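Given next are the chains, with one letter for each unit.
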Amino acid sequence: MTVKLGVNIDHIATIREARKIREPDPVTAALMAELAGCMGITVHLREDKRHIQDRDVRLLRGTVTTKLNLKISPTAEMLQFATNVQPDMVTLVQENHQEITIEGGLNVAAKVDELSKFVTTLKNNDIAVSLFIEPETDQVKAAKKVGADFVEFNTGKYATDCELGSLQEVEREISAIEDMTMLARKYGLRVLAGHGLNYRNVGAIAAIDGIEELNIGHSIVARSVYVGMEKAVKEMLEQIRNAG
Ligand code: PXP
C-alpha cells in the first residue's frame, strides 16, 4: 500500500499571525502542496486561534481538491463549526491551553459516552471521523467503541526517541505502533500516523504495513522556508516512497 501524505499547514499561519497581516496565506500554501502531489491538507483550528483562523478553514473548504482534514478539540463550539464548514474529515485531538504543540493523544477510553455522541453527530453530517490517540490497546478498543472511522497514532514519542532516546526505545515505539496498527485494522479501523515526523525519521513509520496516511506539518513548513513548498513536499514524498 502506498502511504499517502497529508500536509499540515498550521505553521504557515503561525508566520502570518506573528504580524497579524495577510501573508503568508495558508490557502496559497495548501494549493502549492497539492500541486506538488500531497493527498490531503490538514489544519488545526485551536480554541485560542493562535494560527489557523475560521476564515482559513472556510476558504480551504472551497479550494482544497484532495481531502480537507480539520483537527479540533471535542467542544460544542468546534462541533458546530465543523458541521457548518463540512470538511472531509475531522480529527479529534486533546488540546491543553499552555502547550507549545499537542502533548499527547486523546484519552478516548476515559470519555466513551461523550465522544460517541460527538462522533455520531459528525458522521450524520457525512464527515469521516479520526481520533488522534496513543498507540495503546485501551485507546484502540475505545476508538472502535465510539464508532470512529480512523485512528491517527501519535508518533511524537517515536520522534523524540529518535533524537534523544536509545535504539531500544526507538524500536520499542515502532513495535507498539506496528502492533496497534494491526489491532486497529482487525477492528476495521483505518490507520493514520503523525506528529514530529521529519525527513530523517519518517522512513520507519512509512514502512509499517497498514498505515494509510501520514500527517506532517512542522518539518515540511520549516524546509519550505529554504527550498519552497513544492520542493519541500516533493522531497517528503520521495522519503515516503523510498521507505516502501
Ligand atoms: N497530527 C496531529 C493530530 C497533530 O496535532 C499534528 C501537529 O499539529 C500533526 C499531525 C503534525 O505534526 P508536526 O507538525 O509535528 O508534523
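Residues numbered from 1 in each chain as written. Predicted model: local features only at pLDDT ≥ 70, side-chain atom pairs only at ≥ 80, totals over all residues. Heavy atoms only, no water.

Attention now goes to the side chain of Thr42. Positionally, Thr42 belongs in strand β2 (residues 40-44). Side chain to side chain, Thr42 and Asn215 meet in a polar contact 2.9 Å long. When near neighbours in sequence (up to four residues on either side) are disregarded, Thr42 contacts Val7, Asn8, Ile9, Asp10, Asn69, Lys71 and Asn215. (Helix = DSSP H or I, 4+ residues; strand = E, 2+ residues; numbered from the N terminus. Polar contact = N/O pair within 3.5 Å; in protein donor to acceptor, adjacent residues only side chain to side chain. Contact = heavy atoms within 4.5 Å.)

Another aspect to go through is unusual backbone geometry. The amide bond that connects Glu23 to the next residue, Pro24, takes the cis arrangement and shows omega of -5°. Secondary-structure assignment places Pro24 in the loop between α1 (10-17) and α2 (26-35). Its identity as a non-glycine residue notwithstanding, Lys20 has a phi of 55°, on the positive side. Classification of Lys20 by relative accessible area gives exposed; the value is 62%. One non-glycine residue, Gln86, lies in positive phi territory at about 60°. Structurally, Gln86 can be placed in the loop between α4 (76-85) and β4 (89-92). (Buried < 20%, exposed > 50% of the residue type's maximum accessible area, 1.4 Å probe, protein only.)

Moving on: the packing of aromatic side chains. Throughout the structure, instances matching the rule amount to zero aromatic pairs. The lysine or arginine in question, Lys67, covers the ring of Phe150, its NZ or CZ lying 5.7 Å from the ring centre. (Phe/Tyr/Trp six-rings, centres within 6.5 Å; stacked < 30°, edge-to-face > 60°. Lys NZ or Arg CZ within 6 Å of the ring centre and 35° of its normal.)

Once that is clear, we can look at the environment of His51. Position of His51 among the secondary structure elements: in the loop between β2 and α3 (54-63). Sequence separation between His51 and Ile12 is 39 residues, and the spatial gap between their C-alpha atoms is 8.1 Å. Setting aside residues no more than four positions away along its own chain, His51 makes contact with Asp10, His11, Ala13, Thr14, Arg16, Glu17, His44, Arg46 and Asp56.

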